[in-house]
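# Coordinate analysis (summary)
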Amino acid sequence: MAYKPKHAKQKPRRNPAWKLLPLLAVAVAAVILIVHSVGGEKPVSREESLPAEIQQATTESAVTAVASATVGVQGDLLMHKPVINACALEDGGYDFEPIFRYVAEYMKKCDYSVANLETTLGGDGNPYQGYPHFNCPDEIVEAAKNAGMDMLLTVNNHASDTGTEGLLRTVKRVREMGLTVLGTQLSDEEPKYTVVDLNGIKVGMTAFTYATDTDGDGLPTLNYEAEVTQAGVVNYYTDDNLNALYNQVSSLLSQMKAGGAEATMVYMHWGTEYTKQSDDTYSLCPDATQKAIAQQLCDLGVDVIVGGHPHVVEPMELLTSATDPDHKTFVIYSLGNAVSNQRRENMDMNTGHTEDGAMFTVTFSRYSDGTVAVSDVDVLPTWVNMSSVNGKLEYNILPLDASRGEQWKSLYNLDDALCASAAASYDRTMNIVGPGLQQCQSYLRQMTPRKTADSSAA
């Protein structure tokens, strides 16, 4: 939850020591004069002379940040066949570096970088393809790692597109290539969460996807495919039994805290894909189930919720716990697409929103009183640019950093039309997330403790 100074909104102390302060001060001054006059030891300072309770009250007003850690999260790496083909090499291999070429700088600035891997690594025994059965060459993980990625979310509605065997192979290959997997695991005995140590701040994380059906035997159906044949390898929920989700999250939160977690994040693959409301209007807002889940997770004590699946950016919101009014949860309902081939010319939803994404960052800080809390949140709009480079098609995630707006054309080798498209994408995303982002940042500015001149946040 956001940091609240210990002295905020407290009722006045009624300790009689406060009433005796003037008398104590006079007595201390008298002792100092006597000691000084007889050539005794150096007089004690004013602070040392005060009662312990008064010293503590003075110290509390100078709480400072002593360490910080930033987690950056991107949306769906939605590996459609044209995206895969664009990264094919003449020797039969694949190079996915162009996807991350421009955003890598921002990924590496984060202490921990995360994205949703919306494909399987089912191996070359399955065709490399996109929708409806996603399967991508392993090299996508190598490129993500080289660009600064630390963890991939492997739990989504396409996690079993190459069967349970492909699901398990994905977990193995991502781990073998040096990245953390979250949301799927090799067995029911493995932890369904992780606790990462970032600059001495321990952040607990877990991830879930919706399932389209289940017989109650722990074997979910994803993407309308055959059931996952091994229980406990997918973190999932069903809309008709949300209490099971809440009970599992509650248990995982307890396990995370037992493992040292001082802050918590939950990644949710949820919601409705670009829902059409009328002939020319689409929903860019969370649906009722997303809202209900988010509020319940807030009530359970989750600090940050990051969503995906709708393939469009959805709003941010600051939630207040119904059971603890002092607890706040920061939620962004959908990060949209980090990369995909959902070009506006290919979509019924031809507004361009499926080309848009967001890189969400959350900073956790440790304060000099030992408290760990969210101290900052931000959103960097991104846009999927598709262009020809030296005669070869490329898909690039473009970070639309407003502070570099005048340089986008030269930085990303854009012509006037593409530069205008990037600017339109930025406006679309900020129109969606801007109000909630402002709400969250305003709250944090009010609650962050006063920084002193000798603060050494790292």
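Residues numbered from 1 in each chain as written. Predicted model: local features only at pLDDT ≥ 70, side-chain atom pairs only at ≥ 80, totals over all residues. Heavy atoms only, no water.

## Concerning the pattern of salt bridges
Basically, it comes down to this: Here, a salt bridge means any side-chain nitrogen of Lys or Arg that lies within 4 Å of a carboxyl oxygen of Asp or Glu. Runs of E in the DSSP output that reach at least two residues are strands. Runs of H or I that reach at least four are helices, and both are numbered from the N terminus. The cut-offs for exposure are 20% and 50% of the maximum accessible area for each residue type, with area from a 1.4 Å probe on protein chains only; residues under the lower value are buried, those over the upper are exposed, and the others partly exposed.
Going through the model one piece at a time under the given rule, you end up with 14 salt bridges. Measuring nitrogen to oxygen at the nearest pair gives 2.8 Å for the salt bridge that ties E190 to R175. In this pair, E190 sits in the loop between strand 4 (180-182) and strand 5 (194-198) while R175 sits in helix 9 (residues 163-176), placing the two residues 15 residues apart along the sequence. Where D416 meets K409, a salt bridge forms, and the shortest distance between an N and an O atom there is 2.4 Å. For D416, a relative accessible area of 55% translates into the label exposed. For K409, a relative accessible area of 39% translates into the label partly exposed. Several salt bridges share partner residues, and in doing so they unite D138, R169, R173 and E176 into one network.

## Some details on the nonpolar core
Stated precisely, the cut-off is as follows: Each nonpolar core is a collection of buried residues, namely Ala, Val, Leu, Ile, Met, Phe, Trp, Tyr and Cys, held together in the definition by side-chain atoms within 4.5 Å.
By size, the foremost hydrophobic cluster in this structure holds 55 residues, and its most contacted members are V71, M205, M265, Y267, F360, F364 and V377. Top element by residues in this core is helix 13 (residues 416-447). It accounts for seven residues.

## A closer look at the packing of aromatic side chains
Definition in use: Working definition: a ring pair exists when centres of Phe, Tyr or Trp rings (six-membered ring for Trp) sit within 6.5 Å. Plane angles under 30 degrees give stacked, over 60 give edge-to-face, the rest tilted.
Tallying each qualifying case throughout the model produces six aromatic pairs. When the ring of Y102 is compared with that of Y412, the centres are 5.0 Å apart and the planes differ by 65°; the resulting orientation is edge-to-face. Of this pair, Y102 sits in the loop between helix 6 (97-100) and helix 7 (104-109) while Y412 sits in the loop between helix 12 (408-411) and helix 13, placing them 310 residues apart in sequence. Neither Y102 nor Y412 differs from the other in exposure class; each is buried. Here the aromatic rings of W408 and Y426 are separated by 6.2 Å at their centres, their planes lie at 55°, and the arrangement is tilted. Residue W408 is found in helix 12, and its partner Y426 is found in helix 13; the two are separated by 18 residues along the sequence. We classify W408 as buried; its relative accessible area is 6%. An aromatic cluster is defined as three or more aromatic residues linked by ring pairs; in this entry it consists of Y94, F96 and Y128.

## Considerations on unusual backbone geometry
Note the cis peptide between Y131 and P132, where omega equals 5°. Note on placement: P132 falls in the loop between strand 2 (112-118) and helix 8 (139-146). Residue N223 is not a glycine yet carries a positive backbone phi of 55°. On the secondary structure map, N223 appears in the loop between strand 6 (201-210) and strand 7 (236-237).

## Focus on helix 10 (residues 242-258)
Here is the rule: An expected span of 1.5 Å times one less than the residue number is assigned to each helix. Comment: arc refers to directions from the helix axis out to C-beta atoms. Whether two residues touch is decided by their heavy atoms; if any such pair falls within 4.5 Å, the residues are in contact.
Counted at 1.5 Å a residue, the expected span for helix 10 with its 17 residues is 24 Å, and the 24 Å between its end C-alpha atoms agrees. Along helix 10, the positions that sit buried rather than exposed are L242, L245, Y246, V249, L252, L253 and M256. In a view along the axis of helix 10, the buried residues occupy a sector of 130°, so they form one face of it. The outward face of helix 10, more than 90 degrees from its buried face, is lined by the exposed residues N243, N247 and A258. Where helix 10 is buried, its residues contact strand 5, strand 6, strand 7, strand 8 (263-269) and helix 11 (288-300). Positive phi appears at G260, one or two residues downstream of helix 10, with a value of about 100°.

## Quick notes on the environment of E314
Position of E314 among the secondary structure elements: in strand 10 (residues 313-320). Residues E314 and G336, 22 residues apart in the sequence, show an inter-C-alpha distance of 7.4 Å. Once residues within four sequence positions are removed from consideration, E314 is found in contact with T272, L284, C285, P286, Q290, I332, Y333, S334, I432 and V433.

## Description of the packing of helix 10 against helix 11
Threshold: Under this scheme, a helix contributes an axis fitted over its contacting stretch, all axes are lines through C-alpha atoms, and angles between N-to-C directions fall in the 0 to 180 degree range. It is the rotation of the near helix from the far one that decides the hand of a crossing: anticlockwise by less than a right angle makes it left-handed, clockwise makes it right-handed. Ten residue types, Ala, Val, Leu, Ile, Met, Phe, Trp, Tyr, Cys and Pro, are classed as nonpolar, four, Asp, Glu, Lys and Arg, as charged, and the remainder, Gly among them, as polar.
The N-to-C vectors of helix 10 and helix 11 enclose an angle of 30°; their axes lie 10 Å apart at closest approach. Seen along the crossing, helix 10 lies across helix 11 with a hand that is right-handed. Within the contact between the two elements, helix 10 uses L242, L245, Y246, V249, S250 and L253 and helix 11 uses T289, A292, I293, Q296, L297 and L300. Here the residues of the contact of helix 10 with helix 11 are counted per class, giving nine nonpolar, three polar and no charged.

## Topic: the pairing of strand 1 (residues 65-78)
Inclusion rule: Strands are labelled as partners when DSSP assigns at least two bridges between them.
Most of strand 1 sits inside the fold, with 13 of its 14 residues counted as buried. Pairing of strand 1 with strand 13 (residues 356-367) involves eight bridges; the strand directions are antiparallel. Across the sheet, A65 pairs through a bridge with Y367, a residue of strand 13. The pairing of strand 1 with strand 2 spans six bridges and is parallel. Its bridge partner lying in strand 2, D76 is registered against N116. Sheet topology places strand 1 next to strand 12 (residues 337-339); two bridges connect them, and they run parallel.

## A look at a negative patch on the surface
The line we're drawing: Patch membership is restricted to residues that have no salt bridge and whose relative accessible area is over 30%. Joining uses 9 Å for like charges and 5 Å for the nonpolar side chains Val, Leu, Ile, Met, Phe, Trp and Tyr. Working definition of accessibility: Shrake-Rupley area with a 1.4 Å probe, residue cover restricted to the visible protein chains. Just so you know, the count uses Lys and Arg for positive and Asp and Glu for negative, and it drops His and the chain ends. A charged residue contributes its charge at one atom only: NZ of Lys, CZ of Arg, CG of Asp or CD of Glu.
A surface patch of like charges, here negative, comprises D213, D215, D217, D239 and D240. Mapped onto the secondary structure, D217 falls in the loop between strand 6 and strand 7. D217 gets classed as partly exposed once you look at its relative accessible area, which sits at 38%.

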